[in-house]
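Listed below are the residues making up each chain.
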Amino acid sequence: MKIIKAEFVIGVAGAKSIPKENLPEVAFAGRSNVGKSSLINRLLNRKNLAITSSTPGRTRQINFFNVNDSFLAVDLPGYGYAKVSHDERRKWGEIVSAYMQSRRSLVAVVVIVDLRRDPGEHDLTLFDMLKDLGIPPIVVLTKADKVKRGQRAQRRTAIAKTLARDSSDLILFSAITGEGKEELWKAIKIHLQKRVKI
Ligand code: GTP
Ligand code: MG
């Protein structure tokens, strides 16, 4: 995938300021600190487009990035960070569900899970939400570089089981090595092609 343009468009902190629909959108969701922003940067070949941090809960707003004027990549705030206040957690739920429920231009959500960890309650809630809304998930298991090659298949199978999905549907990814990037692009393009030519 040739990236000619990758630009920050807007960041919104409240459900009311979500911009009007324009281009098709692909959103990126997952627990706090799982590597959403790093994955977006790797996918778009930009080092610091989406702000990454080793402090969980860094992305607190919904950030929209224009890719090649053909779609928007949408970086969602992470969920499940224990240290955020009850109020902030409620705000997360409100903004993310308002976004997902109202977005006809949303063609797919890339759900990012750490290959080293079993998906938690919040991940499962997100999958339920997507199912109810009829939004297709693309499941990515990231930080693959942290798992020894010999253990990856076993981790993939265990996660697939928890998510009740086919293990071959899960894409292994690493923002460090770039592994899985082409496979992820392929999955994203399949959903985008239903709407636009890219
Ligand atoms: P929030 O916005 O806070 O929810 O986090 P995020 O999901 O956007 O995660 P972010 O991309 O900021 O990455 C969190 C930490 O994980 C950073 O220290 C990254 O360098 C690290 N990281 C992200 N992806 C990978 C990966 O594929 N491999 C390794 N080893 N580290 C990664
Ligand atoms: Mg982030």
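Structure: above.
Rules behind the numbers
Residues numbered from 1 in each chain as written. Chains lettered and ligands numbered in written order. Predicted model: local features only at pLDDT ≥ 70, side-chain atom pairs only at ≥ 80, totals over all residues. Heavy atoms only, no water. Buried < 20%, exposed > 50% of the residue type's maximum accessible area, 1.4 Å probe, protein only. Helix = DSSP H or I, 4+ residues; strand = E, 2+ residues; numbered from the N terminus. Pairing = 2+ DSSP bridges. 1 Å grid on protein atoms, 1.4 Å probe; cavity = no way out; pocket = protein on both sides within 12 Å on 5 of 7 lines; lining within 4 Å. Points joined across faces, edges and corners; volume = space filled by probe spheres on them. Nonpolar A, V, L, I, M, F, W, Y, C, P; charged D, E, K, R; others polar. Contact = heavy atoms within 4.5 Å. Axes fitted to C-alpha atoms, helices over the stretch in contact; angles between N-to-C directions.

Undergrad: Can you tell me about the pairing of strand β3 (residues 62-67), naming the residues and giving the values?
TA: With respect to burial, β3 is a largely interior element, six of its six residues being buried. Side-chain alternation along β3 places Ile62, Phe64 and Asn66 on one buried face and Asn63, Phe65 and Val67 on a second face that is also buried. Note: strand β1 (residues 6-12) against β3, six bridges, orientation antiparallel. Residue pairing for β3: Phe8 is matched across the bridge by Phe65. Where β3 meets strand β4 (residues 71-75), five bridges bridge the pair, whose relative direction is antiparallel. In the strand pairing of β4, Asn63 is matched with Asp75.

Undergrad: Which residues make up empty space enclosed by the protein, and what values go with them?
TA: Counted by the stated rule, this structure contains one cavity of 30 Å³ or more. What the largest cavity holds in volume is close to 40 Å³. Along its surface, the largest cavity is lined by Arg31, Val34, Ile112, Val113, Asp114, Arg117, Asp118, Pro119 and Asp123. Take the lining of the largest cavity: its biggest share by element is three residues, from strand β5 (residues 106-114). For the lining of the largest cavity, the class distribution of residues is four nonpolar, no polar and five charged.

Undergrad: Describe the sheet that holds β4, and please don't skip the residues or the numbers.
TA: Spatially, β1-β3-β4-β2-β5-β6-β7 is the arrangement adopted by the seven strands of the open sheet, whose pairing is mixed. Here the strands that pair on one side only, and so sit at the sheet edges, are β1 and β7 (171-172). Two elements, strand β6 (residues 137-142) and β7, share two bridges in a ladder whose sense is parallel. Bridged to Leu141 within β7 is Leu172. Strand contacts of helix α4 (residues 149-163): β5, β6 and β7, with the helix running at about 145° to β6, the strand carrying the most contacts.

Function cannot be read off these values alone, since they describe shape.
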